[in-house]
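Next come the chains, spelled out residue by residue.
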Amino acid sequence: MSGETLFLKNSETFAESMVRCGVRYHFAYPITPATEVMNRSAVILPEYGGRMVQMESELAVANALAGCACTGKLGATSTSGPGMALMQETVSFMAAGELPCIMLDAMRVGPGDGDIVGAQSDYYLATRGGGHGDYRVIVLAPDSGQEIVDIMPDAVRLAYTYRTPVLFVIDGVTVQMTESAVFPETNNYAEEYDTSSWSFTGTKDHDKRFLLTGSYSHTQGEEMNDRLRKKYTQIVTQEQRWEEEALEDTEVLVVAFGIHGRMARDLVSRMRAQGKKVGCIRPITLWPFPDNAFEDLPTSIKSVLVVEMNHGQMVDDVRLALNGRLPVHFLGKTGGDMPMCTLAEMEAKANSLLED
Amino acid sequence: MKNLESLYGDTLNLDKLFSYCPGCGHGIVTRLVAETIESFGIRERSVSVVGIGCGGFSHHYMEIDAIEAMHGRSPSVAVGYKTAMPENIVFTYQGDGDMGAIGLSDLLHAANKGMPITCLMINNSLFGMTGGQMSPTSLDGQVTTTTPNGRDVVQHGFPLRVPELLRDMAGVKFLARESVADMKSVRHAAKSIQKAFDCQIKGLGFSFIEIIVPCPTGLNMKVKESYEWCADQALEYFKPQIFKDEME
């Protein structure tokens, strides 16, 4: 693969990647562990003719992002759980107004102020819409700096194709990890999309347009929801992404995303080397959840183990996908000096399930 | 012969039926804004960011692009828009509830950024659309549906003078309080709205005008009475003035 290899914190990789793929306006407010994204974008965006705009709160961030999106240009934000929660009214607004943007929730321990160490505590917040109303946003969960880089062009494509916010959720451990990533040639993917049919650039370009997410008649609210539902059905059908490993003849299937998904790969190679039949599925899109990955599982599977950096959130979606076909077990941890399950704990749990 | 169309040009949409109540001050302010846009020839690059409340209707009467923002957030939306599209003219049109209550923080920080956008706060001293509740600008003693015995400043705090909060901000280049209480006031308000837009067109900085208007429905008054109340009582506390004119 040709390109430039950079050794960066993954938060900085996120900033580099989004800017190299076409984000020109980044609205943000400092919050651990997402702050390095804005630190870096503040430095590099002017080189690309863009700007990092530091706002006074995440409320203002989200609304400035919405204003930017109204022009058809690509904006982004980066935050963590408390900031993400504050933004939700406007995420709902952008979903309703069909405004594209890129968002990052670098997840830390919640609820409340919680803790600044990494977690996967915002799975529900991210995948259930998050704000008021019947909507979803596309949720991507890369497990490494390289995957952030690899998936970013697709994130831009998803944002414009479906005219929707695209939300990255990355646990704070992965976000703060420093590792190498190979960046392909810089390309402004956002420029490839024609936004003239919907953007609010002034009547020099079109007849009067206005962004309405409310209703002047009751039918408008219904029509908006019908329109969104059609779009979401299309996304569920076409945009599920996951990675799977060693499923054939597997007896215990491990399901995990982010850092635990990455560890699940290690677990599989370690246990396979011992002749133990363990495989894994790592969801990359959390919404749409990769239900298709669970459709034609090998009959050898006896049980499923879901591992998360929380007390059990994605496990609900795994249960829904399996619809009672297999027993589902859970291993999770959140907070502390080691805010996640260790590989040894995952191995011990998988061994106990193999022996069942 | 002069007709309305020749007077107002393309900006004011004369075909659209008004949603404002009879006598509502919004009608006058909306016309003044449309006249300003027309006079500067900026209709095709003007974008209105409206709030939630009766002020949200304003864009329906203008042939310009518009964004109906979430309650109180118009200044932040305008900041984001202007960042991405500085060549366009962006203004917010909000009520005193939208801007002075839920959206005060957005206004203060947008003003302090000094970005060339224009914010208009149409102050009718109450929440009009929801049925006449107390707003931060309701007068001492004013009867509203949530202050049936009149606003008690000990209990509810004092009527908020919003432009006074922006006076010391260096990025604010034009700052005024106007009213539509009588013809003379309307003519004065028209001049200030012109200046506020001119401030943005020239890229000088942030511009803001509070415009005191009556809401006959919310005040539960006849139209004439409501204008008298506006002139006598509202303007006694909210004194019209140009706080800042740094246009040179």
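Residues numbered from 1 in each chain as written. Chains lettered and ligands numbered in written order. Predicted model: local features only at pLDDT ≥ 70, side-chain atom pairs only at ≥ 80, totals over all residues. Heavy atoms only, no water.

Q: Help me understand the overall build of chain B, please; the structure alone is not making it clear to me.
A: Scanning chain B for helices and strands turns up ten helices and nine strands. Its C-alpha atoms give chain B a radius of gyration of 17 Å, near enough to 18 Å, the size a compact globule of 248 residues would have. Dimensions along the principal axes, computed over C-alpha positions, put chain B at roughly 50 × 45 × 30 Å. Sorting the 248 residues of chain B into buried and exposed places 60% on the buried side. Counting every atom, chain B has about 9800 Å² of accessible surface; 54% of that belongs to carbon and sulfur. If you average the places of the 22 positive and of the 28 negative side-chain charges in chain B, the two averages end up 4 Å apart. (Helix = DSSP H or I, 4+ residues; strand = E, 2+ residues; numbered from the N terminus. Rg over C-alpha atoms; globule rule 2.2 N^0.38 Å. Buried < 20%, exposed > 50% of the residue type's maximum accessible area, 1.4 Å probe, protein only. Areas by Shrake-Rupley, 256 points an atom, 1.4 Å probe, with all protein chains shown as cover. Lys, Arg positive; Asp, Glu negative; His and termini not counted. Charge placed at Lys NZ, Arg CZ, Asp CG, Glu CD.)

Q: What am I meant to see in the overall build of chain A here?
A: Secondary structure summary: chain A contains eleven helices and 16 strands in total. For 356 residues, the compact-globule estimate of 2.2 N^0.38 gives 21 Å, and the C-alpha radius of gyration of chain A, at 21 Å, lies within 12% of that figure. Each principal axis of the C-alpha distribution contributes one length, and for chain A these read about 70 × 50 × 40 Å. Taken over 356 residues, chain A has a buried fraction of 60%. Counting contacts in chain A only where the partners sit at least 6 residues apart, residues at least 24 apart contribute 79% of the total. Accessible surface for chain A amounts to roughly 13400 Å². Of this, 49% is attributable to carbon and sulfur atoms. Averaging the coordinates of the 31 positive side-chain charges in chain A and doing the same for the 48 negative ones gives two points 2 Å apart. (Contact = heavy atoms within 4.5 Å.)

Q: Please clarify how the interface of chain B and chain A should be interpreted in this entry.
A: It is common to give the size of an interface as the accessible area that goes away when the parts come together. Contacts between the two partners involve 31 residues from chain B and, on the opposite side, 33 residues from chain A. Per-residue buried area on chain B facing chain A is highest for B:Asp65, B:Glu68 and B:Met70; these three make up 23% of the total on that side. Summed over the shared surface of chain B and chain A, the number is zero salt bridges. There are 19 residue pairs in polar contact (both at pLDDT 80 or more) connecting chain B and chain A. Of all the secondary structure elements, the ones that give two or more residues to the side of chain B that touches chain A are strand E2 (65–68), helix H3 (74–84) and helix H5 (104–113) of chain B. No other element matches H3(B), which puts seven residues into the side of chain B that touches chain A. By residue class, the composition of the side of chain B that touches chain A is 14 nonpolar, nine polar and eight charged. One ladder, built from two bridges, connects strand E10 (residues 210–211) of chain A with E2(B); its direction is parallel. Following the sheet pairing, A:Leu211 is matched in E2(B) by B:Ile67. (Buried area = accessible area lost by both parts, 1.4 Å probe. Salt bridge = Lys/Arg side-chain N within 4 Å of Asp/Glu carboxyl O. Polar contact = N/O pair within 3.5 Å; in protein donor to acceptor, adjacent residues only side chain to side chain. Nonpolar A, V, L, I, M, F, W, Y, C, P; charged D, E, K, R; others polar. Pairing = 2+ DSSP bridges.)

Q: Help me understand the sheet that holds strand E15 (residues 303–308) of chain A in this model?
A: The strands making up a sheet are joined through hydrogen bonds of the backbone, oriented either antiparallel or parallel. All names here are of chain A. One open sheet holds the five strands; their spatial order is E11-E13-E12-E15-E16, and the pairing between them is mixed. Pairing within the sheet leaves two strands with one partner each, and these edge strands are strand E11 (242–245) and strand E16 (328–332). Between one strand and the next, the sheet's axes are offset by a mean angle of 20°, whatever the strand orientation. As defined by bridge partners, E11 adjoins strand E13 (residues 278–283) across four bridges and the pair is classed as antiparallel. (Axes fitted to C-alpha atoms, helices over the stretch in contact; angles between N-to-C directions.)

Q: Help me out: how do you make sense of the packing of aromatic side chains in this one?
A: Each aromatic ring pair is specified by the distance between its two centres and by the angle formed by the two planes. Residue and element names in this part refer to chain B. If you walk through the whole model with that rule in mind, you get eleven aromatic pairs over all chains. Through successive ring pairs, a cluster of aromatic residues spans Phe-18, Tyr-20 and Tyr-61. In this arrangement the basic side chain of Arg-161 is found over the ring face of Tyr-237, its NZ or CZ atom lying 3.7 Å from the centre. (Phe/Tyr/Trp six-rings, centres within 6.5 Å; stacked < 30°, edge-to-face > 60°. Lys NZ or Arg CZ within 6 Å of the ring centre and 35° of its normal.)

Q: For this particular structure, what's the right way to read the pattern of salt bridges?
A: When the charged atoms of two side chains with opposite charge come close together, those side chains can pair. Considering all chains together, one arrives at 33 salt bridges over all chains under this definition. The salt bridge involving A:Arg128 is made with A:Asp317; its shortest N-O contact spans 2.8 Å. With A:Arg128 in the loop between helix H5 (123–127) and strand E7 (138–140) and A:Asp317 in helix H10 (residues 314–322), the pair connects residues that are 189 residues apart, well separated along the chain. Across the pair B:Lys202 and B:Asp198 runs a salt bridge whose closest N-O atoms are separated by 2.8 Å. A cluster of three or more residues bridged by salt bridges with shared partners is formed by A:Glu4, A:Glu12, A:Glu16, A:Arg20 and A:Arg40.

Q: Got a minute to help me understand the pairing of E13(A) in this structure?
A: Look at any regular strand and the pattern is simple: side chains alternate between the two faces of the sheet. The buried fraction of E13(A) is high, at six of six residues. Both faces of E13(A) are covered, namely the face carrying A:Val278, A:Cys280 and A:Arg282 and the face carrying A:Gly279, A:Ile281 and A:Pro283.

Q: Where do I start with the side chain of A:Glu56 in this structure?
A: Among the secondary structure elements, A:Glu56 is positioned in the loop between strand E3 (51–54) and helix H3 (58–70). Despite its burial, A:Glu56 pairs with no opposite charge; the closest candidate is B:Lys113, at 4.2 Å N-O.

Q: I would appreciate a short explanation of H3(A) in the present structure.
A: What sets the pattern is the α-helix's 3.6 residues per turn: residues three or four places apart point alike. All names here are of chain A. For H3, which comprises 13 residues, the first-to-last C-alpha distance of 18 Å matches the rise-based estimate of 18 Å (1.5 Å per residue) to within 8%. The buried fraction of H3 amounts to twelve of the 13 residues, a majority that puts the element mostly inside the structure. All buried positions along H3 are accounted for by Glu-58, Ala-60, Val-61, Ala-62, Asn-63, Ala-64, Leu-65, Ala-66, Gly-67, Cys-68, Ala-69 and Cys-70. For H3, the N-terminal cap is Ser-57; the gap from its side-chain oxygen to the backbone nitrogen of Leu-59 is 3.2 Å. (Expected span 1.5 Å × (residues − 1).)

Q: Before we go on, may I ask you to explain the environment of A:Met107 in this structure?
A: Looking at where A:Met107 falls in the secondary structure, it is placed in strand E5 (residues 101–109). Along the primary structure A:Met107 and A:Ala34 are separated by 73 residues, whereas in three dimensions their C-alpha atoms are 8.5 Å apart.

Q: It is not clear to me how the environment of B:Glu68 should be interpreted in this structure. Could you clarify?
A: Position of B:Glu68 among the secondary structure elements: in strand E2. Residues B:Glu68 and B:Gly56, spaced twelve residues apart in sequence, show a C-alpha to C-alpha distance of 6.8 Å. Not counting residues up to four positions away in its chain, the partners in contact with B:Glu68 are A:Phe93, A:Phe210, A:Leu211, A:Leu212, A:Tyr216, B:Val50, B:Gly56, B:His59 and B:His60. Only 2.7 Å separates the side chain of B:Glu68 from the side chain of A:Tyr216, close enough to count as a polar contact.

Q: Please clarify how unusual backbone geometry should be interpreted in this entry.
A: A negative phi angle characterises most non-glycine residues, just as the trans form characterises most peptide bonds. All names here are of chain A. Looking along the chain, the bond that leaves Thr-32 and enters Pro-33 is cis, with omega of 5°. Summarising the element assignment, Pro-33 is placed in the loop between strand E2 (25–28) and helix H2 (35–44). Of note, the bond from Trp-287 into Pro-288 is cis; its omega dihedral lies within 30 degrees of zero at 5°. With a phi angle near 45°, Arg-163 is a residue other than glycine that sits in the positive phi range.

Q: Please explain the packing of helix H1 (residues 10–20) of chain A against helix H6 (residues 145–161) of chain A as it appears in this structure.
A: For any two helices packed against each other, one specifies the inter-axial angle together with the distance between the axes. Residue and element names in this part refer to chain A. Where H1 contacts H6, the axes come no closer than 9 Å and their chain directions differ by 15°. In terms of orientation, H1 lies roughly parallel with respect to H6. Considering how the two elements wind past one another, H1 and H6 form a crossing that is right-handed. Contacts from Asn-10, Thr-13, Phe-14, Ser-17 and Met-18 of H1 reach H6 at Gly-145, Ile-148, Val-149 and Met-152. Here the contact of H1 with H6 is built from residues that sort into five nonpolar, four polar and no charged. (Parallel < 35°, antiparallel > 145°, perpendicular 65-115°, else oblique. Left-handed = near helix turned anticlockwise from the far one by under 90°.)

Q: Would you mind going over H10(A) with me for this structure?
A: All names here are of chain A. Turning to H10, its buried residues number three or more, namely Met-314, Val-315, Asp-317, Val-318, Ala-321 and Leu-322. Seen along its axis, H10 keeps its buried residues to an arc of 160°; they face one direction. Taken from the residues just after H10, Asn-323 is the one with a positive phi, measuring 50°. (Arc of directions from axis to C-beta.)

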